[in-house]
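Now for the letters of each chain:
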Amino acid sequence: MDGRKIVKKFPLFRDCTENSISLWQCPGFLFVLLGLLNIVAMISTYIISTRLTDEPEITALITIVVSLIIFIIGSVIVQGFDKLLQANKMKMEFIRIASHQLRTPLSSLRWASDLLMTGGLGKPTAEQEEYLEIIKESNHRMMKLINDLLDVTKIEMGNLPMELRPIEIKKIAEEAIVDVAPLAKAKNIVLNLKIEDALPLILSDQEKCRMVFTNLIENSIKYSKGRGTVDISARQKGDYIEVSVADDGVGIPRAQQKNIFQKFFRSDNAMKHETVGTGLGLFIVKAIIDTNKGQIWFTSEENKGTTFYFKIPIAK
Amino acid sequence: MSKLILFIEDEPTLQKTLGRALEQEGYEVQSALDGQSGLSLVRRIKPDLILLDLILPKMDGFAVLKELKKDDNTKGIPVIILTNLESPQDIEKVLSEGATNYLVKANYELNDVVKKIKELV
């Protein structure tokens, strides 16, 4: 493992480490490998051909031809991977800039509506406030959509940044509940949090873990039957903390259960009950849990409800 | 005397909204639209706090921060990075180079930004 780390720090390979390309796809590494291969091939062809023929000219010719073939094939492969690396680099840069440029006007919009709503420029009437709320809500949705799309792009490039630290799962769940409380209230859903204080810390990324909770709880609220309860609980299971989010909502049709974690997938039930949604939430949630070396699964029965489970390793 | 805040940001609408909110809190706010003029304005007006975007014309926020922290006259001024870049590398880079705080614009309501600023000046 240490040897690998040193290799990855080597300047020739740094480009690949920064763009999270594996060693076997790294042009720098392949180039060195190709060189070594060529040397080995030259020596062995020399040895073999000296046994087959006594003419030194023919031996030299065979050796040269064989190493030339290896070199040409190798160069083509290395070049291919080099293009891949460049494309990846450009994509990363695009995400970085796009996330900045797309979100800047949205920030302006958000702050301007905040300023109007707080009454800093004169108190808005109740009706004006209602419309400002629409602006704010749509702005929020747009921002979430952009953030989700950016996350999906990062996931697909195998580069979802996670800062793993020991964190308290109960605190994260409580924060998530604060985030979703307005939605729960609007939909007549009671949220029950049943997590003991004494659970060991988990090893996860605070922001991402909170996203997992808010996504799952929001789904439970959105696909409810107009009222109901959502139970959020956690328990220790071996080296993991297992969390469950259980609702008594519309459930997921059996035939569509296998697609639930796919990108852009939304079940018939979901479309019927709640048209707002992109089908990205569970895809992102699963990617976060996978990157976190955890596991996610669910049980669901149509018209009875759904329970999502996930487990995350305990910090050691 | 009211505290002076310099806002280096190339988006005029953001300047205007946050500027207005800060003025309501009793701050004096000056702004610059690019890194170069921001830097020379810092040297002239000696603000109590600098709000700095990272993607800026002429000279980006990373370079402005570096210049500010190199100069004995300006290195004591707290700098809040106010941007929509949010990769861990960017955050780590500016914090290690002496920025006081890092706020991702998209994640904060106006009031929360004002609150963070009030914590410093």
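Given the structure is predicted, the values throughout are model-derived calculations rather than measurements. (Residues numbered from 1 in each chain as written. Chains lettered and ligands numbered in written order. Predicted model: local features only at pLDDT ≥ 70, side-chain atom pairs only at ≥ 80, totals over all residues. Heavy atoms only, no water.)

Helix and strand content of chain B: five helices and five strands. Scanning chain B from its N terminus toward the C terminus, one meets helices and strands in the order β-α-β-α-β-α-β-α-β-α. In terms of C-alpha radius of gyration, chain B reaches 13 Å, essentially the compact-globule figure of 14 Å for 121 residues. The principal-axis extent of the C-alpha atoms belonging to chain B is close to 30 × 30 × 25 Å. A total of 121 residues make up chain B; the buried ones form 49% of that total. Relative to all contacts within chain B whose residues are 6 or more apart in sequence, the contacts with residues 24 or more apart total 60%. By element, 46% of the accessible surface of chain B is carried by carbon and sulfur atoms, the whole surface being about 5600 Å². (Helix = DSSP H or I, 4+ residues; strand = E, 2+ residues; numbered from the N terminus. Rg over C-alpha atoms; globule rule 2.2 N^0.38 Å. Buried < 20%, exposed > 50% of the residue type's maximum accessible area, 1.4 Å probe, protein only. Contact = heavy atoms within 4.5 Å. Areas by Shrake-Rupley, 256 points an atom, 1.4 Å probe, with all protein chains shown as cover.)

In the numbering adopted here, UniProt assigns the feature "domain: Response regulatory" (unreviewed entry) to residues 4–120 of chain B. Secondary structure across residues 4–120 of chain B comprises 46% helix and 20% strand; the distance between its end C-alpha atoms is 12 Å. (UniProt positions renumbered as here; feature names shortened; annotations may be inferred.)

Quick look at the interface of chain A and chain B now. Taken residue by residue, the interface counts 20 residues in chain A and 27 residues in chain B. Summed over both sides, the interface between chain A and chain B buries roughly 2100 Å², with carbon and sulfur atoms accounting for 58% of that surface. Of all residues in chain A, the largest losses of buried area upon contact with chain B belong to His100(A), Arg103(A) and Trp111(A), amounting jointly to 34% of the total for that side. Taken together, the links from chain A to chain B amount to two salt bridges. Applying the counting rule to chain A against chain B returns nine residue pairs in polar contact (both at pLDDT 80 or more). The biggest single contributor to the side of chain A that touches chain B is helix α4 (residues 56–117) of chain A, with 13 residues. Here the residues of the side of chain A that touches chain B are counted per class, giving seven nonpolar, seven polar and six charged. (Buried area = accessible area lost by both parts, 1.4 Å probe. Salt bridge = Lys/Arg side-chain N within 4 Å of Asp/Glu carboxyl O. Polar contact = N/O pair within 3.5 Å; in protein donor to acceptor, adjacent residues only side chain to side chain. Nonpolar A, V, L, I, M, F, W, Y, C, P; charged D, E, K, R; others polar.)

In this section: the domain arrangement of chain A. Residue and element names in this part refer to chain A. Each assigned domain of chain A is listed here: domain 1 (1–159) and domain 2 (165–313). The straight-line distance from the C-alpha centre of domain 1 to that of domain 2 is 31 Å. With nine residues of domain 1 at the contact, the number on the domain 2 side is 11 residues. Here domain 1 packs against domain 2, burying approximately 790 Å² in sum over the two surfaces, 74% of which is carbon and sulfur. Counting the surface domain 1 buries against domain 2, the share from its top three residues, Asp148, Val152 and Ile155, is 46%. Linking lysine 263 and glutamate 156 is a salt bridge whose minimum nitrogen-to-oxygen distance equals 2.4 Å. Viewed at the interface, domain 2 and domain 1 are joined by one residue pair in polar contact (both at pLDDT 80 or more). Grouping the constituent residues of the side of domain 1 that touches domain 2 by class yields four nonpolar, no polar and five charged. (Domains from an automatic or database assignment.)

Glancing now at the sheet that holds strand β2 (residues 189–195) of chain A. Residue and element names in this part refer to chain A. On the basis of which strands lie adjacent, the open sheet formed by five strands has the order β2-β4-β5-β7-β6 and mixed pairing. The open sheet has two edge strands, β2 and β6 (295–301), and neither has a second partner. This sheet shows a mean twist of 15 degrees between the axes of neighbouring strands, independent of strand direction. Contacts from helix α6 (residues 169–186) reach β2, β4 (228–237) and β5 (240–247) within the one sheet, and its direction differs from that of β2 by about 175 degrees. (Pairing = 2+ DSSP bridges. Axes fitted to C-alpha atoms, helices over the stretch in contact; angles between N-to-C directions.)

Moving on to the sheet that holds strand β3 (residues 49–52) of chain B. Residues and elements named next belong to chain B. Reading across from one edge, β2-β1-β3-β4-β5 is the order of the five strands in this open sheet, with parallel pairing throughout. For this open sheet the edge positions go to β2 (28–32) and β5 (101–104), each flanked by a neighbour on one side alone. Strand-to-strand twist of the sheet, defined as the mean angle between neighbouring strand axes without regard to direction, takes the value 20 degrees. Helix α4 (residues 88–96) contacts β4 (79–83) and β5 of the sheet and is inclined by roughly 150 degrees relative to β5. Helix-sheet contacts for helix α5 (residues 110–120) involve β1 (4–8), β3, β4 and β5, and the interaxial angle to β4 is about 170 degrees.

For helix α3 (residues 61–70) of chain B, the full list of buried residues reads Gly61(B), Phe62(B), Val64(B), Leu65(B) and Leu68(B). Down the axis, α3(B) shows its buried residues gathered within 160 degrees of arc, on one side only. Buried residues along α3(B) sit in contact with α4 of chain A together with β1, α2 (35–45), β3, β4 and α4 of chain B. Near the N-terminus of α3(B), the side chain that reaches the backbone nitrogen of Phe62(B), with its oxygen 3.2 Å away, is that of Asp60(B). (Arc of directions from axis to C-beta.)

Here we take up the UniProt feature "transmembrane region" (unreviewed entry) in chain A. Residues given the UniProt feature "transmembrane region" (unreviewed entry) here are residues 21–48 and 60–81 of chain A. The span residues 60–81 of chain A carries 100% helix and 0% strand; its end-to-end C-alpha distance comes to 32 Å.

Moving on, we get to the nonpolar core. Within the largest apolar cluster, 46 residues are counted, with the highest numbers of intra-cluster contacts made by Ile169(A), Phe213(A), Leu216(A), Ile217(A), Ile241(A), Phe308(A) and Phe310(A). Leaving out residues up to four positions away in the same chain, Ile217(A) has contacts with Ala176(A), Ile177(A), Val180(A), Leu191(A), Ile232(A) and Val245(A). Core analysis: the next-biggest nonpolar cluster, separate from the first, contains 30 residues, Leu106(A), Met59(B), Phe62(B) and Leu85(B) among them. (Core = buried A, V, L, I, M, F, W, Y, C linked by side-chain atoms within 4.5 Å.)

Nonpolar side chains collect at one region of the surface, where Phe31(A), Val32(A), Leu36(A), Ile39(A), Ile43(A), Tyr46(A) and Ile47(A) lie side by side and expose about 680 Å² of accessible area between them. Here Leu36(A) lies in helix α3 (residues 27–52). (Patch = residues over 30% accessible without salt bridge, like charges linked within 9 Å, V, L, I, M, F, W, Y side chains within 5 Å.)

This model, assessed by the stated rule, comprises five aromatic pairs over all chains. Plain terms: the ring middles of Phe261(A) and Phe308(A) are 6.2 Å apart, the flat faces sit at 80 degrees to each other, and that makes the pair edge-to-face. You can see Phe261(A) sitting in the loop between β5 and α8 (268–273) and its partner Phe308(A) sitting in strand β7 (residues 305–313), a full 47 residues away along the chain. An identical accessibility class is assigned to Phe261(A) and Phe308(A); each is buried. With a centroid separation of 5.4 Å and 10 degrees between ring planes, the pair formed by Trp297(A) and Tyr309(A) is classed as stacked. One end of the pair, Trp297(A), is in strand β6; the other, Tyr309(A), is in strand β7, with 12 residues separating them in the sequence. Taking the relative accessible area as the measure of exposure, Trp297(A) reaches 31% and is therefore partly exposed. Here the aromatic cluster, defined as three or more aromatic residues joined through ring pairs, consists of Phe261(A), Phe298(A) and Phe308(A). In this structure, Lys311(A) is placed above the aromatic ring of Tyr240(A), and the distance from its NZ or CZ to the ring centre is 4.5 Å. One Lys or Arg, Lys93(B), reaches over the ring of Phe62(B) and ends 4.5 Å from the middle of that ring. (Phe/Tyr/Trp six-rings, centres within 6.5 Å; stacked < 30°, edge-to-face > 60°. Lys NZ or Arg CZ within 6 Å of the ring centre and 35° of its normal.)

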